[in-house]
Amino acid sequence: MKNILITGGAGFIGSHVVRLFVTKYPDHQIYNLDDLTYAGNLENLRDIEKRPNYHFIKADIVDENRISGLFEKHAFDGVIHLAAESHVDRSISNPTEFIYTNIIGTVNLLNAFRHIWGNRAAGKRFYHISTDEVYGSLGNEGLFTENTPYDPRSPYSASKASSDHLVRAYAHTFGLPVVLSNCSNNYGPFQFPEKLIPLAINNIRNNKPIPVYGKGENIRDWLYVEDHAAAIDLIFHEGKLGETYNIGGSNEWKNIELIRLLCDIMDKKLKREEGASARLITFVKDRAGHDLRYAIDSSKIQQELGWRPAHTFEEGMEKTVEWYLENEQWMRNVTSGDYQKYYSSQYEKR
Ligand code: NAD
Ligand code: DAU
């Protein structure tokens with residue numbers, strides 16, 4: 001029997017990973033450690049919360065004593081570390097929080113893992129989940145590979161890059177059994193509506209302007225979240241120690257084209273006249289330091305581990321829009337209270 005710690009399991013991607021592990025590995029004990037910040041929501045896990053192999057721990061990864069105590073108590077054999085401050089715009093308005101959680105929090109987990117396993121770490125594993133944003137920004141050509149030099153350009157990506165370096169440094173210096181992955185933009189159910197796709201779905205639903213930064217020319221490589229969770233499962237179990245795997249959808253979209261597609265889908269679902277939702281598109285002041293283009297070369301994970309995205313973009317978007325429309329109460333709950341303050345502070349002056 002194994003004790004697996006998943007940090008950030010009440011967030012968007014983490015909740016999909018927890019669900020997958022709890023249902024697929026009933027003989028393993030799955031511990032979801034999350035501090036339930038604005039982005040963490042236990043409603044994301046209602047369907048599996050009563051499973052006997054699921055355990056929730058409310059804790060802040062920045063709290064060193066708490067984290068080391070939890071490792072001593074539960075002797076986690078495997079760690080899948082997703083907890084992070086994850087939104088670029090928030091890192092521009094409040095960078096310091098990102099330094100604490102993404103850097104200090106990761107170091108606390110590394111230290112606690114090292115402390116309990118020391119040189120008895122054979123068969124154990126520390127898996128750090130990172131982002132393609134650490135590689136910087138691409139021009140019109142090229143793809144990020146695992147060998148692309150790091151060039152983070154926002155406080156968020158700089159904090160993630162720093163945590164990646166620390167994970168690799170602990171492997172090199174202390175022999176920690178680590179594996180890493182860097183993924184492109186995820187979309188799907190349970191994503192907090194500060195990120196482009198759920199924010200746009202919510203605004204279209206409520207006939208509010210859809211804020212598109214700059215001219216909408218920036219490009220992202222979109223992957224359905226369950227395909228990321230499947231890749232995480234594969235890397236956790238079969239990835240080679242010390243290696244990094246890039247994960248992406250090979251699915252590049254200019255923001256404005258993505259939003260137009262979303263508007264068409266929403267018109268059909270909401271039975272609105274053609275073009276009604278697109279009239280809500282509003283170009284607003286650009287994000288400071290806005291990276292132009294991200295795109296991933298995922299041939300390594302495809303060739304070495306046999307991973308492929310199982311969802312086409314059409315299927316993923318269809319499932320995503322349907323989920324948000326069927327789960328209006330979830331959206332109402334997460335957009336009450338502090339979300340309104342966040343929204344005004346980000347968008348009223350743009
Ligand atoms: P999210 O913001 O939806 O969730 C983050 C979770 O971490 C929340 O549940 C939050 O409560 C928890 N958390 C935050 N600070 C914490 C702390 N100090 N202690 C304990 N828990 C804390 O994020 P997400 O989009 O699900 O991203 C998860 C991970 O995947 C992050 O590490 C992110 O960098 C990475 N990633 C995200 C994407 C994407 O497109 N969303 C793509 C590639 C990589
Ligand atoms: O690439 C992986 C990264 O993808 C993850 O590491 C991050 O955690 C995740 O937040 C995401 O970062 P982005 O900045 O790419 O995602 P976001 O949804 O914030 O923005 C997507 C694009 O849409 C980006 O070019 C900015 C633009 N945008 C975003 C918002 C919120 C808008 O035009 N309008 C908006 O209101």
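In this report, the structure presented in the accompanying data block is examined.

Rules used in this analysis
Residues numbered from 1 in each chain as written. Chains lettered and ligands numbered in written order. Predicted model: local features only at pLDDT ≥ 70, side-chain atom pairs only at ≥ 80, totals over all residues. Heavy atoms only, no water. Salt bridge = Lys/Arg side-chain N within 4 Å of Asp/Glu carboxyl O. Helix = DSSP H or I, 4+ residues; strand = E, 2+ residues; numbered from the N terminus. Buried < 20%, exposed > 50% of the residue type's maximum accessible area, 1.4 Å probe, protein only. Contact = heavy atoms within 4.5 Å. Expected span 1.5 Å × (residues − 1). Phe/Tyr/Trp six-rings, centres within 6.5 Å; stacked < 30°, edge-to-face > 60°. Lys NZ or Arg CZ within 6 Å of the ring centre and 35° of its normal. Near = heavy atom within 4 Å. Polar contact = N/O pair within 3.5 Å; in protein donor to acceptor, adjacent residues only side chain to side chain. Areas by Shrake-Rupley, 256 points an atom, 1.4 Å probe, with all protein chains shown as cover.

What about the pattern of salt bridges?
Phase 1: Per the stated rule, a full pass over the model turns up 21 salt bridges.
Phase 2: Residues aspartate 233 and lysine 24 are paired through a salt bridge, measuring 2.5 Å at the closest nitrogen-oxygen approach. In this pair, aspartate 233 sits in helix α7 (residues 225-238) while lysine 24 sits in helix α1 (residues 12-24), placing the two residues 209 residues apart along the sequence.
Phase 3: On the accessibility criterion, aspartate 233 (5% relative accessible area) is buried.
Phase 4: Across the pair glutamate 322 and lysine 269 runs a salt bridge, and its minimum N-O distance is 2.8 Å. With glutamate 322 in helix α10 (residues 313-326) and lysine 269 in helix α8 (residues 255-269), the pair connects residues that are 53 residues apart, well separated along the chain.
Phase 5: For lysine 269, a relative accessible area of 27% corresponds to the partly exposed category.
Phase 6: Salt bridges sharing common partners tie together Arg46, Glu49 and Lys50.

Here we look at the environment of valine 18
Phase 1: Within the secondary structure, valine 18 sits in helix α1.
Phase 2: Remark: the alpha-carbon pair of valine 18 and leucine 5, spanning 13 residues in sequence, is separated by 9.5 Å.
Phase 3: Apart from the residues within four sequence positions on either side, valine 18 is in contact with Ile6, Gly9, Asn32, Leu45, Ile48 and Tyr54.

Re α8
Phase 1: Relative to the 21 Å expected for 15 residues at 1.5 Å per residue, α8 spans 21 Å between its end C-alpha atoms, a close match to the ideal helical length.
Phase 2: Every buried residue of α8 is accounted for by Asn255, Ile256, Leu258, Ile259, Leu262, Cys263, Ile265, Met266 and Asp267.
Phase 3: On its buried side, α8 packs onto α6 (196-205), β8 (210-213), β9 (219-224), β11 (252-254), β12 (281-284) and α10.
Phase 4: Residue lysine 271 follows α8 closely and has a positive phi angle near 55 degrees.

Overview of the packing of aromatic side chains
Aromatic rings in a pair are described by how distant their centres are and how their planes are angled relative to each other.
Phase 1: Applying the stated rule across the entire model yields 25 aromatic pairs.
Phase 2: With a centroid separation of 5.3 Å and an interplanar angle of 75 degrees, the aromatic rings of tyrosine 187 and phenylalanine 313 are classed as edge-to-face. Of this pair, tyrosine 187 sits in strand β7 (residues 185-187) while phenylalanine 313 sits in helix α10; the two residues are 126 residues apart in sequence, bridging distant segments of the chain. An identical accessibility class is assigned to tyrosine 187 and phenylalanine 313; each is buried.
Phase 3: The structure contains a cluster of three or more aromatic residues connected by ring pairs, namely Tyr38, Phe192, Tyr213, Tyr339, Tyr342, Tyr343 and Tyr347.
Phase 4: Here the basic side chain of arginine 114 rests over the ring of phenylalanine 174, its NZ or CZ set 3.6 Å away from the ring centre.
Phase 5: Positioned over the ring face of tyrosine 343 is lysine 208, at 4.4 Å from the centre of the ring.

Details of the site of ligand 1
Phase 1: Taken together, 29 residues surround ligand 1, and among them Ile13, Asp34, Ser86, Tyr156 and Lys160 come closest.
Phase 2: One of the backbone nitrogen or oxygen atoms of phenylalanine 12 is found 3.1 Å away from an oxygen atom of ligand 1.
Phase 3: At 3.5 Å, a backbone N or O of glycine 40 approaches an oxygen atom of ligand 1.
Phase 4: In the complex, the protein chains occlude 96% of the 840 Å² of accessible area that ligand 1 would expose alone.

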